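# Understanding the architecture of this molecule
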Amino acid sequence: MAALEEEFTLSGVPLSAGPDGLLGVEPSDRTDQFLVTHSGRTVILYKVSDQKPLGSWSVKQGQIITCPAVCNFQTGEYIVVHDDRVLRIWNNEDVNLDKVFKATLSAEVCRIHSVQGTEPLVLFKKGAIRGLEALLAEPQQKIETVISDEEIIKWTKIFMVFKHPVLIFITEKHGNYFAYVQMFNSRILSKYTLLPGQEEKSAIQSFAASANRKFISLMSLSSDGCIYETLIPTHPSDREKNQVVVRSLLLKAVVSGDVRNGVALSVLDQDHIAVLGTPLSASKECLSIWNIKFQTLQASKDLLQGTSGQLWYYGENLFMLHGKFLTVIPYKCEVSSLAGALGKLKHSYEPGSHAVPHFVNWETSQEYGLGSQNSEQSRILRTRKVEVSLQPAVSASAQLLLTIKNDTEKHIEVELRKFLAIKQTPEFHTTIGDIVTGLLGRCKAEPSFYPRNCLMQLIQTHVLSYSLCPGLMEVALEKTDVQILQLCLQQFPDIPESVTCACLKIFLSIDDDSLQETDISTESVFDYSDTVRDEKMEEQTEIMENGFNPEEDNSNKEKPQGTTEETTLSPVTPKRAALLRNAVLHSAYSEAFLLPHLKNIPAQHVTLFLQYLYFLYLKCSENATMTLPGIQPPTLNQHFLSCIGRRQGEADNRRSPSNIPLKNKRMKINEIMDWICLLLDANFTVVVMIPEAKRLLINLYKFVKAQISVYSELNKIEVSFRELQKLNQEKNNTELYSIEVLELF
């Protein structure tokens, strides 16, 4: 059985790449990395699992790359040819191809082949083949002509047979096709004429091949829509003569015979092939996997944006051009069995793929070696029943993933609730990550699909992190879902500073009407003036119980400098305050990485955030014993004077990023003041020019000045306190309870 999984885009193909789009896709010496060569001037190294480029190199303007770049697996270097004769070799550290190793050859190159276990081989347009080392030793050596002037190389492939490379290339001359096989262990080049079979009366459009120790199985997709096979021996009987081989029908009418372009063929394993083209039953192109052993269509995927007729495969990934994008489609092929060929095994497929058993006439299949005796068929069918009965039951997580792909949001929410009620397994956090990935994948594929309640349930499992599902906050930012963002900021320990600032921008810019409609918990955000008044009443009661009347000293109390009537009211609504205070102020960050992103926040939003932080600071400073409401409220940091005072020349002892942890999660003393300092560091030159911020900056300056004065006085009496402490320790006749009055001069 075979299946095509969900596709993903690796890169876009620029219009300057030419009509063919790409010259080739070749593997690198590192797992999961591939070289993509555009039919223009550029070579890009991609890491498929991350879907991102790792490096890009281009030739100069006016030069054109003429064959795909490959990797030398023996040295880890990359090789490419431009303008047919100029060979370049470079590595990951190189930036400019114009400055890397260059060798100008004496003949035009058709293709460079490189596989594990041997040095790269250079195939010239006239059929000669050279090893890379021998060619670099003498780049201008004479290159012999192997094929006639009218022959054109149409296709080429390299294999490893008995640990030795075998290279085959196909040429065409006046509608006739020839195969050349080079055996490098014996240095023998054999030529074969490919004769069409009795059924074949059309031109060949695509080739593919596989090899074993005895034969090379050469498959060809003809313009009549059929696939033919030619068996070429790896050890020819007559090495001198031009031998003849006949093509025989392998699969009939796999694609429409009317299509002249956009078809391709690849051999996946000994029983499965991939075909790119337009099937007979449809008018749009598709990618399909066929079982050549049982003559059945196993899976297909529609390609609505069309293709260029280019198809590559490595490992379990198919690479192809879909529209203007290089697309990767993972696939799976199991060991071929009749049960799988008939589509009776239990498997899951992606929404865009179809498993379609396509049957042939078994009565006429004996000429292709597919017929069998009735007793043998009965035995196979009995085996099939046993195979089906032994299939394991689908797990709850797998069943939920299937539900996510097809069902409605309401049904998914119900099934998710059932799944979360099941006893958790050791791999629970990985399973939750897979579920989130499945939901986000469908969100991107279907813009109208947004299972908000499901995502909130998954976040509240407390097993997710940003690195496990980076797309979650990306989707929430696109949807301006402040509630999801608040939960993520509160629970994810590894959110990048750029994402934190993106959330801060939304929290500050979203209008109050939208916030009013959003369900945001404000249980820890209320009128702080009430909090101060209540705490003062409690403090008065406690003092009265000790025999003192606080009213005696009320006249001597002064409000902190810079406080006004307007500072007793929060500059933001309770819901916005909840987002800022309970999410942003508790986020982990590094100053060095956060500062550049804070500079991108609009000035009016910076001013609003500073006003709110200043408001929190005032509420803390009015009463030294006050604690803001909430589970983990932000706290006051007396390092504020050193951070702000630096701008007035009062102090210069700001902490550098090297002296603090990379991630300060839920800092206990410095949340409010550190954020004020960071905002001023990033935007001071902008904020100082805003009229609305002038009064705020003056108040901040007064606060710093007052605190510097207080700390200066405290420093003066620090020595006296130390001496008193020593005197107190020397007294041994102190009773269990005593009152001492100390006068300081």
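All of these numbers come straight from a predicted model, not from anything done at the bench. (Residues numbered from 1 in each chain as written. Predicted model: local features only at pLDDT ≥ 70, side-chain atom pairs only at ≥ 80, totals over all residues. Heavy atoms only, no water.)

## Quick notes on helix α17 (residues 671-687)
With 17 residues, α17 should reach 24 Å at 1.5 Å per residue; the first-to-last C-alpha distance of 21 Å falls well below that figure. The sharpest bend along α17 comes to roughly 55°, located at Asp681. Counting buried residues in α17 gives 13 out of 17 residues, a clear majority hidden from the surface. (Helix = DSSP H or I, 4+ residues; strand = E, 2+ residues; numbered from the N terminus. Expected span 1.5 Å × (residues − 1). Bend = angle between axes of the 7 residues up to and from the residue. Buried < 20%, exposed > 50% of the residue type's maximum accessible area, 1.4 Å probe, protein only.)

## Structural notes on the sheet that holds strand β10 (residues 101-104)
Within the open sheet, the four strands sit side by side as β7-β8-β9-β10. Their pairing is antiparallel. Bordering the open sheet on either side are β7 (65-72) and β10, each of which pairs with just one other strand. Each strand of the sheet is rotated relative to its neighbour by a mean of 20°, with strand direction disregarded. Judged from the five bridges that link them, strand β8 (residues 77-82) and strand β9 (residues 86-90) form a sheet pairing that is antiparallel. Across the sheet, the residue bridging to His82 is Val86, located in β9. (Pairing = 2+ DSSP bridges. Axes fitted to C-alpha atoms, helices over the stretch in contact; angles between N-to-C directions.)

## Topic: the sheet that holds strand β6 (residues 52-58)
Paired through their backbone hydrogen bonds, the strands of a sheet run either parallel or antiparallel. With antiparallel pairing, four strands are arranged side by side in an open sheet as β3-β4-β5-β6. With one partner strand each, in any of the chains shown, β3 (22-27) and β6 form the two edges of the open sheet. Taking the axes of each pair of neighbouring strands and ignoring which way they run, one obtains an average angle of 20° across the sheet. In this structure, β3 lies alongside strand β4 (residues 33-38), joined through five bridges in antiparallel fashion. Within β4, the position partnered with Val25 by the bridge is Val36.

## Overview of the environment of Leu515
The residue Leu515 is located in helix α11 (residues 512-517) in this model. The exposure class assigned to Leu515 is buried, which follows from its relative accessible area of 1%. Linking Leu515 and Lys575, residues 60 residues apart in sequence, is a C-alpha distance of 6.7 Å. Dropping the residues within four chain positions of it, Leu515 is found in contact with Val482, Ile510, Ile520, Thr573, Lys575, Arg576 and Leu579. (Contact = heavy atoms within 4.5 Å.)

## With respect to helix α5 (residues 409-421)
With 13 residues, α5 should reach 18 Å at 1.5 Å per residue; the first-to-last C-alpha distance of 18 Å fits that figure. For α5, the complete set of buried residues consists of Ile412, Glu413, Leu416 and Phe419. Viewed along the axis of α5, the buried residues span an arc of 125°, placing them on a single side of the element. Among the exposed residues of α5, those oriented more than 90 degrees off its buried face are Lys410, Lys418 and Ala421. (Arc of directions from axis to C-beta.)

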